[in-house]
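# Coordinates in review
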Amino acid sequence: MQIDNHLKDQVHRLPKVELHRHLEGCVSAELLLEIARDYQIKLPTRDLEELRSHVQIRGQAAGLVEFLDKFFWIGMAFPTLEAVEYVSYCVCRDCARDNIRVLELRFSPVFMTLESPHSWEELLHAVLKGARRAENEFDIDVGFIVGISRSNGIKPALRAVNIAADYSGLGVVGVDLFGDEAAFPPELFVTAFQVARENGLNITVHAGEGGGETNIRVAVEELGAQRIGHGVRIVNDPEMMDWLKERGVPLEICLTSNVQTRTVPDLPSHPVRRLYDYGIGISLNTDDPAISDTTFSRELLLAMEYFDFSLEEIKGLMLAALDQSFLEPYRKKPARERLERDLAAFK
Ligand SMILES: [Zn+2]
């Protein structure tokens, strides 16, 4: 499909729903520099352009691990609780400015406290406070997902599940497993996710991205994943595609991220259209937009340009994403009714 300025404007104005976005991956070089100046933090450079090369992928990364390396300096963006609250506010505000109306934002308590002395309770309080401020100022509803890093091991995983349970109903809607999938397969985390299910937490798991498609099956059957982050390697196994479709477990698709992590060789070979046409539930997402130098609107335009998604199909995907979202029913139902009405009237 040809992308012109009229379509760009339409996609920007379209009320949107995004489910797979990491808060830490939204810290831009500009925001990091601003925080470094305010809090006298040492960075490799104070030059904005040079800093970009430390925190942003240029072209294609060598793989998931190189992509994850870009997070090193981003860890400096959370020196105080005030800074945490500010980053959370800025991220939600910028999403609202891209007309994202319902957002699920995930973050790792381990990562965000690496360079600071705060407790996880203080951290969650600050993250939620920043988002609430954005919700009061802009037209956006935010649900948080507590991220569990595979490489941190079993104990922090259990701790993350427990704090997510403590804040469930206060803005936290679920848990996620992320990180180096090849080195730390999902079966290591069965106990932590059992506790998550016992506490009524929603579950999404990064699987079939940096590791094989069998991780998708383990994530669903043994961890209880209701959604899969990426999961694009499922196209290697037609039987598993049927299996996933039957179970109605949707995939959170992130186009640019998949190209940059070399999950797919290039954008045209991404299986998004094939998965969609096959009837597997999908949502479109940014993953780490600051690292990938993208926006949600841009990702939707890529889907239209490279995979011929029509505006009507994109509208359908926004409604589907809301149906797939982990927002509590009291927030989800009115948001769904309003989105349906607004999309029907959208020109
Ligand atoms: Zn992700």
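What this report covers is the structure whose coordinates are included nearby. (Residues numbered from 1 in each chain as written. Predicted model: local features only at pLDDT ≥ 70, side-chain atom pairs only at ≥ 80, totals over all residues. Heavy atoms only, no water.)

### Some points on the pattern of salt bridges
Just so we agree on the cut-off: One side-chain nitrogen of Lys or Arg within 4 Å of one carboxyl oxygen of Asp or Glu is enough to make a salt bridge. Numbering goes from the N terminus for both helices and strands, where a helix is a DSSP run of H or I of at least four residues and a strand is a run of E of at least two. Throughout, exposure labels follow a simple rule: accessible area from a 1.4 Å probe, protein chains only, divided by the maximum for the residue type, with under 20% read as buried, over 50% as exposed, and the rest as partly exposed.
Scanning the model with the defined rule gives 28 salt bridges in all. Salt-bridge contacts for glutamate 137 lead to arginine 133; the nearest nitrogen and oxygen are separated by 3.5 Å. Of this pair, glutamate 137 and arginine 133 both sit in helix H7 (residues 120-137), separated by four residues, roughly a single helical turn. For arginine 133, a relative accessible area of 35% corresponds to the partly exposed category. Between glutamate 313 and arginine 273 there is a salt bridge; the shortest N-O distance is 2.9 Å. Pair noted here: glutamate 313 is in helix H16 (residues 311-324) and arginine 273 is in helix H13 (residues 272-278), with a separation of 40 residues, a long-range link.

### Overview of the packing of aromatic side chains
Selection rule: Think of it this way: a Phe, Tyr or Trp ring, Trp meaning its six-membered ring, pairs with another when their centres are within 6.5 Å, and the plane angle makes it stacked under 30 degrees, edge-to-face over 60, tilted otherwise. Placement of a positive charge over a ring is assigned whenever Lys NZ or Arg CZ falls within 6 Å of the ring centre and within 35 degrees of the normal to the ring plane.
All told, the structure shown has five aromatic pairs when counted by the stated rule. Ring geometry for phenylalanine 107 versus phenylalanine 144: centroids 5.8 Å apart, planes at 80°, classification edge-to-face. Remark: phenylalanine 144 occurs in strand E3 (residues 141-149) and phenylalanine 107 occurs in strand E2 (residues 100-107); sequence separation between them is 37 residues. In this pair, the class of phenylalanine 107 matches that of phenylalanine 144, namely buried. Taking 4.9 Å as the distance between ring centres and 70° as the angle between the ring planes, the aromatic pair formed by tyrosine 276 and phenylalanine 309 counts as edge-to-face. Of this pair, tyrosine 276 sits in helix H13 while phenylalanine 309 sits in the loop between helix H15 (296-307) and H16, and the two are 33 residues apart along the sequence. The class for phenylalanine 309 is buried, based on a relative accessible area of 0%. Positioned over the ring face of tryptophan 243 is arginine 217, at 4.7 Å from the centre of the ring. One Lys or Arg, arginine 273, reaches over the ring of phenylalanine 309 and ends 4.4 Å from the middle of that ring.

### Section: the coordination of the zinc ion
The cut-off we apply is this: Each metal's donors are the N, O and S atoms within 2.8 Å of it, or within 3.2 Å when it is Na, K or Ca, and because water is not part of the set, sites may look incomplete. The geometry test gives tetrahedral to four donors whose angles all lie between 85 and 135 degrees, gives square planar to four donors and octahedral to six donors whose opposite members are over 155 degrees apart with all other angles between 65 and 115, and gives irregular to the rest.
Listed as protein donors to the zinc ion are His20 (NE2), His22 (NE2), His206 (NE2) and Asp287 (OD); their distances from the metal cover 2.1 to 2.2 Å. Taken together, the four donor atoms surrounding the zinc ion define angles of 83 to 169° at the centre, an arrangement classified as irregular. As a motif over one chain, the donors of the zinc ion read H-x1-H-x183-H-x80-D. A residue pair is termed long-range when its members are at least 10 positions apart, and histidine 20 in strand E1 (residues 16-22) and histidine 206 in strand E5 (residues 202-207) qualify at 186 residues. For histidine 20, a relative accessible area of 0% translates into the label buried.

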